[in-house]
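# Observations on chain architecture
The primary structure of each chain is shown beneath.
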Amino acid sequence: MPPRKSLVQESEYEIQRKANIEKNKALLRELQLNAASAGLAPPKTRQPGSSSSATKKKPAPKKIKQEDITPRRISSRLKGIEADSEVAKRKAEEEFNARIEADRVKRQRVSGPLAIGDILVNGDASNWNKSGNWLRDVKPANPYERTFDEADIKATTSKELRELREKMSGLQLWQDIEPSRIKEDEFTPEITTFKQHTRTISAMTTTPTQPQNLYTASYDSSIRCLDLAKGVSVEVYAPSDTSLDEPVSGVSIPITDPNMLYFTTLNGAFGMHDTRTNAKSSTQVYQLSEKKIGGFSVHPLHPHLLATASLDRYLRLWDLRQMVKTEGGDRLPSLLAEHESRLSVSHAAFNAAGDIATSSYDDTIKIHHLAASFAQASTSSTPSKSKTRAKAATVAEWSAGKTLTDEQFVPTTVIPHNNQTGRWVTILRPHWQQRPSAVGGGAQRFAIGNMNRFVDVYTGEGEQVAQLGGDGITAVPAVAVFHPSCDWVAGGTASGKLCLWE
């Protein structure tokens, strides 16, 4: 039967569309033939099972299960201990006591002398040579090596912060540091690390008569002397009871009496210890504040004058020549004067001229001219009807027992200064130049860290004479000190850098 013709005629559009399709198919076939003749055609895919030489997949190696030998925590439920039972409470109490005991043993100070080979952290202890260069074979540390970075700080919790501060309690000794000889391409400092305390080192000091002795105070309640000539570390002071926790916040040795050791604690106590005696019972300790004493200083020429800065917002001036009996029956040094700030006072520093510089959290640096206060007090004590005017008393002529009023003990200069160090930066403290050089005209100057990564230098009159900085300073040089006689300033940062300026 012949095919039935379509009753519907195709439109011109449909006819043109079919013609374009046939034209494109013919063009595609021509392109495939040209590609095959030129060797550009894709390889033919093999049919599965068509070739007997097909490569077989190698079996995956069997993984050997390694047993974890570390002890695992097992819940009380799996141990068969009922919740809130006496057994569970006893178990929790035992674990808590074990942690407390482990922490106590870890923080307990080591009494007695320590050989320098035992406390040497960086280097080989067998290469210790007391007669020659004792840093001869000690491996130097990498310069400008950071102990931790900002990422570690952000991830630190309170427990990790304690561990971090313990790691930072090491003492680093720098050799041959002189700014005029330092060249960036040639100079590599030789650093040797000692660890003679179990907790953070809070203060260090030396004496001009015995420069080989380095005294360090620590939060482990002890003060040790590192004798570099003998190669031994000796405990100079520690509480008689090893269970007492009295962190030492500061240490100082008067220039006029190198055998006396002054120190303060975070508990608000001030102590005096004679280094010529080993009896701990001979140490005199006085409770000068209910809160911690952050910093203190004695007059360089008149060591009976003591200035303390405490958390209770007071700067106090004490006279150690006279002891006064309190209402509670305790004997304390005579309180000569005191000045209250708006917030806590961080440090108080004496210079040879009798000026006291303080830094406090009310963002000020205050300078008290003690000679002017004594002169004002001695002249104002004379009756107005008297024809003879009293001579202004100097610091040396000031008699024991006399006091200054609040109006007489006021700061002569107040300098605005950002002292908000926060949690991670060391507290900013002013440091006077002990023996001002003749180059600067003998003017009294002190250095203090700046939160904008500088070190500020001020005169005793409150004038800023320098702001020291540099491109390589990546952290706040919070600990800034003056060389005793040369115009050199050193600043230490928490990133592990020691910055020097000449």
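These numbers come from a predicted model, not from an experiment. (Residues numbered from 1 in each chain as written. Predicted model: local features only at pLDDT ≥ 70, side-chain atom pairs only at ≥ 80, totals over all residues. Heavy atoms only, no water.)

## A word on the confidence of the model for the protein chain
Mean pLDDT for the protein chain: 76, with 70% of residues reaching 70 or above. Scored below 50 in pLDDT, residues 164-177 shows 46 contacts in the model against residues more than four places distant or in partner chains. Every residue in residues 382-392 is under pLDDT 50, and counting partners more than four places away or in other chains gives eleven contacts. (pLDDT = per-residue confidence, 0-100. Contact = heavy atoms within 4.5 Å.)

## With respect to the sheet that holds strand β21 (residues 445-450)
Taken together, four strands build an open sheet; the order of strands is β20-β21-β22-β23 and the sheet is antiparallel. For this open sheet the edge positions go to β20 (431-432) and β23 (464-468), each flanked by a neighbour on one side alone. Where β21 lies against strand β22 (residues 454-459), six bridges are found, and the strand directions are antiparallel. Of the residues in β22, the one forming a bridge with Ala447 is Val457. (Pairing = 2+ DSSP bridges. Helix = DSSP H or I, 4+ residues; strand = E, 2+ residues; numbered from the N terminus.)

## Digging into the side chain of Thr459
Among the structural elements, Thr459 can be located in strand β22. Non-local contacts of Thr459, meaning those with residues more than four positions away in its chain, are made with Ile367, Gln444, Arg445, Phe446 and Val465.

## Some thoughts on the sheet that holds strand β6 (residues 223-227)
Within a beta sheet, neighbouring strands are joined by backbone hydrogen bonds and run either parallel or antiparallel to one another. Here we have five strands laid out as an open sheet, ordered β1-β7-β6-β5-β4, and antiparallel in their pairing. The sheet is open, and its two edges are formed by β1 (114-115) and β4 (201-205), each paired on a single side. For β1 and strand β7 (residues 232-237), the ladder comprises two bridges, and the chain directions are antiparallel. In the sheet register, Ala115 faces β7, and the bridge partner there is Val232.

## Points about the packing of aromatic side chains
Within the structure shown, the criterion is met by five aromatic pairs. Residues Phe270 and Phe296 carry aromatic rings whose centres are separated by 6.1 Å and whose planes lie at 70° to one another, so their mutual orientation is edge-to-face. A residue pair is termed long-range when its members are at least 10 positions apart, and Phe270 in strand β10 (residues 269-274) and Phe296 in strand β12 (residues 293-298) qualify at 26 residues. We classify Phe270 as buried; its relative accessible area is 0%. One aromatic cluster is present, built from ring pairs that chain together Tyr262, Phe270 and Phe296. (Phe/Tyr/Trp six-rings, centres within 6.5 Å; stacked < 30°, edge-to-face > 60°. Buried < 20%, exposed > 50% of the residue type's maximum accessible area, 1.4 Å probe, protein only.)

## A look at unusual backbone geometry
Of note in the backbone geometry, Arg313 takes a positive phi value of approximately 75° without being a glycine. Within the secondary structure, Arg313 sits in the loop between β13 (305-310) and β14 (314-325). Of note, Arg453 is a non-glycine position whose phi angle comes to about 70°, a positive value. By the secondary structure assignment, Arg453 is in the loop between β21 and β22.

## Focus: the pairing of strand β5 (residues 213-218)
With six of its six residues buried, β5 lies for the most part within the structure. The alternating pattern of β5 places Asn213, Tyr215 and Ala217 on one face and Leu214, Thr216 and Ser218 on the opposite face, and all of these are buried. In terms of strand pairing, β5 meets β6 through five bridges, oriented antiparallel. Counterpart to Thr216 in the pairing with β6 is Arg224. A loop of four residues connects β5 with β6, the two strands running antiparallel in sequence, and Ser221 in this loop sits at a positive phi of about 75°.

## So, the pattern of salt bridges
The tally for this structure, following the rule as stated, stands at nine salt bridges. Close ionic contact of Glu340 with Arg313 constitutes a salt bridge, the shortest N to O distance being 3.0 Å. Of the two residues, Glu340 sits in strand β15 (residues 331-340) while Arg313 sits in the loop between β13 and β14, which places them 27 residues apart along the sequence. Judged by its relative accessible area of 39%, Glu340 falls in the partly exposed class. On the accessibility criterion, Arg313 (36% relative accessible area) is partly exposed. Members of the salt-bridge network, linked through shared partners, are Asp312, Arg316 and Glu338. (Salt bridge = Lys/Arg side-chain N within 4 Å of Asp/Glu carboxyl O.)

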